[in-house]
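# Structural overview for review
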Amino acid sequence: MDLPAHLAWLIDEASASPSPEQFIAELGRQLLAVGLPLAGGGLTLAVPHPIIAHRTWLWRAQTGAVIEALDFGGSPTNKAAGDWLAGLGPTYEGRIGQGSDGSILGWAGSRAFDRSEEDHLLQVARFAAAPLAALAARTALTTLLEAYLGRRSAAQVQAGALGRSSGETIRAALLCADLRDFTALSEATEPSLMIATLDAWFDRVAGAVHAFGGEVLKFIGDGVLAIFPVTGTPGEACDASLRAVAAARAGMAHLDTARQAQGLQPLPFGMALHFGEMLWGNIGAADRLDFTAIGPAVNLVSRLEGLCKTLGYRVLISGALAAQTTMQLVPLGEHRLRGIADPCAVFTLPTD
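First, a word on scope: everything that follows refers to the structure included in this document. (Residues numbered from 1 in each chain as written. Predicted model: local features only at pLDDT ≥ 70, side-chain atom pairs only at ≥ 80, totals over all residues. Heavy atoms only, no water.)

As a further point, take the overall build of the chain. Tallying secondary structure elements over the chain gives ten helices and 13 strands in all. Seen through its C-alpha atoms, the chain measures out along the principal axes to roughly 75 × 45 × 40 Å. Taken over 352 residues, the chain has a buried fraction of 46%. Of the contacts made within the chain by residues no fewer than 6 positions apart, 60% connect residues no fewer than 24 positions apart. (Helix = DSSP H or I, 4+ residues; strand = E, 2+ residues; numbered from the N terminus. Buried < 20%, exposed > 50% of the residue type's maximum accessible area, 1.4 Å probe, protein only. Contact = heavy atoms within 4.5 Å.)

In structure tokens:
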């Protein structure tokens, strides 16, 4: 069968597209080449995620740039793409598959599409069904892994880092956070309310971590372990961790105000920051693995967080991290940490 180049690409090559961004950009480029009057395009895929219903990749014909938009649960299907494309010109939408889980290819024209052009876009949508099914499956897996492992760890797993004891040594700022008196609180609180309390606590900490480029590695009971890997200078990673702590504290202050208005007690907590090297990778049993970080730096930040209650501070910072930042910190002297051979220089924030 002698097919036009863009339809042949959809059959022979499109299923191997490494990402939705590259799929929509290449398809848009090929459709421009055959004379379709496109101003932009959008590819929308349903994803399994606790709050995101659809992910959309939006391509602008004039620049070739692709940006990502999100539709959250409860919003109309394809709202992000529909609103954006409508701002570029007359639109055409091609649904692929049945129901709300089907993929959607949408296009905006530099002018209104005539009947033959709409028929052409309909044909493209039909030929795109098979490669988009493969791409949607890969995107769904990526989204699911990111929800449970975090973006960086999920990328490592998808890249094939599946062997036990496989990993790499990385440098990062580490954050360890924990609620105070959690056992007593859980015994005096109904389970459903306790879960809501933990969710609110984790939202404040994880939200702050992600806002400043970090990644949550673990939720352990009422505790959180997060990292800010060095991607530029060590100082940038350490400054990001300090800003995340400040944001988390502000979030907790707001939460405590809301809880007190409901007649509930505030949630005391401790947070510790450290900077060092760790092994980041797989550990576990032969058939049940955990992607995590281990090493002396992880041990130290955990022990330092435990010192918060003893010293009466909500935030403690190690000398190793303090040495990498120019932010103002308050020295608290050297302290022995359980299981750590050498004393640790300890600092806190000026407002703690």
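Our next topic: unusual backbone geometry. Phi angles above zero are rare outside glycine, and Asp181 is one such case at about 55 degrees. Counting through the fold element by element, Asp181 comes out in the loop between β6 (167–179) and α6 (182–187). Judged by its relative accessible area of 46%, Asp181 falls in the partly exposed class.

Before going further, it helps to spend a moment on the sheet that holds strand β1 (residues 38–46). One open sheet accounts for five strands, arranged β3-β2-β1-β5-β4; its pairing is antiparallel. Since the sheet does not close on itself, it has two edges, and those belong to β3 (66–72) and β4 (91–96), each with one partner. When the angles between neighbouring strand axes are averaged without regard to direction, this sheet yields 20 degrees. Bridging between β4 and strand β5 (residues 103–109) involves six bridges; their strand directions are antiparallel. (Pairing = 2+ DSSP bridges. Axes fitted to C-alpha atoms, helices over the stretch in contact; angles between N-to-C directions.)

Here helix α4 (residues 115–149) spans 47 Å end to end across 35 residues, near enough to the 51 Å set by a 1.5 Å rise per residue. For α4, the principal kink sits at Ala129 and spans about 50 degrees; a proline, Pro131, occurs within the next four residues. Once α4 ends, the next one or two residues include Gly150, with phi positive near 95 degrees. (Expected span 1.5 Å × (residues − 1). Bend = angle between axes of the 7 residues up to and from the residue.)

Let us now look at the nonpolar core. Residues Leu175, Trp201, Val205, Met271, Ile317 and Leu321 are the most contacted members of the largest nonpolar core, which totals 38 residues. Counting residues per element, the ones that place at least two in this core are β6, α7 (191–211), β8 (223–229), α8 (234–261), β9 (269–285), β11 (315–318) and α10 (319–322). When residues of this core are assigned to their parent elements, the largest contribution, nine residues, is made by α7. The residues contacting Ile317, other than those within four sequence positions of it, are Leu242, Leu273, Leu304, Ala322, Leu329, Ala345, Val346, Phe347, Thr348 and Leu349. (Core = buried A, V, L, I, M, F, W, Y, C linked by side-chain atoms within 4.5 Å.)

Attention now moves to the packing of aromatic side chains. Scanning the entire structure with this criterion turns up four aromatic pairs. Centre to centre, the rings of Trp201 and Phe269 are 5.7 Å apart; their planes meet at 40 degrees, and the pair counts as tilted. Here Trp201 is found in helix α7, whereas its partner Phe269 is found in strand β9, with 68 residues between them in sequence. Both residues of the pair, Trp201 and Phe269, belong to the buried class. (Phe/Tyr/Trp six-rings, centres within 6.5 Å; stacked < 30°, edge-to-face > 60°.)

The next thing to look at is the environment of Gly106. Among the structural elements, Gly106 can be located in strand β5. Of the residues examined, Gly106 reaches a relative accessible area of 5% and is grouped as buried. The residues touching Gly106, leaving out its near neighbours within four places in the chain, are Gly40, Gly41, Gly42, Leu85, Tyr92 and Glu93.

Glancing now at helix α5 (residues 151–158). For α5, the set of buried residues is Ser153, Ala154 and Val157. In an axial view of α5, the angular spread of the buried residues amounts to 100 degrees, which keeps them on one side of the axis. Where α5 is buried, its residues contact α4, β7 (215–220), β9 and β10 (288–294). (Arc of directions from axis to C-beta.)

Here β11 shows a buried face lined by Val315 and Ile317 and a second buried face lined by Leu316 and Ser318. The pairing of β9 with β11 spans three bridges and is parallel. Following the sheet pairing, Met271 is matched in β11 by Val315. The pairing of β11 with strand β13 (residues 344–348) spans two bridges and is antiparallel. Bridge pairing in β13 places Ser318 opposite Val346.

Attention shifts here to the state of the cysteines. Scanning the model with the defined rule gives zero disulfides in all. For the unlinked cysteine Cys176, the closest cysteine sulfur is that of Cys308, found at 8.7 Å. Take Cys176: its relative accessible area is 12%, and that puts it in the buried class. Unpaired in terms of disulfides, Cys238 finds its nearest cysteine sulfur in Cys344, a separation of 13 Å. (Disulfide = S-S within 2.5 Å.)

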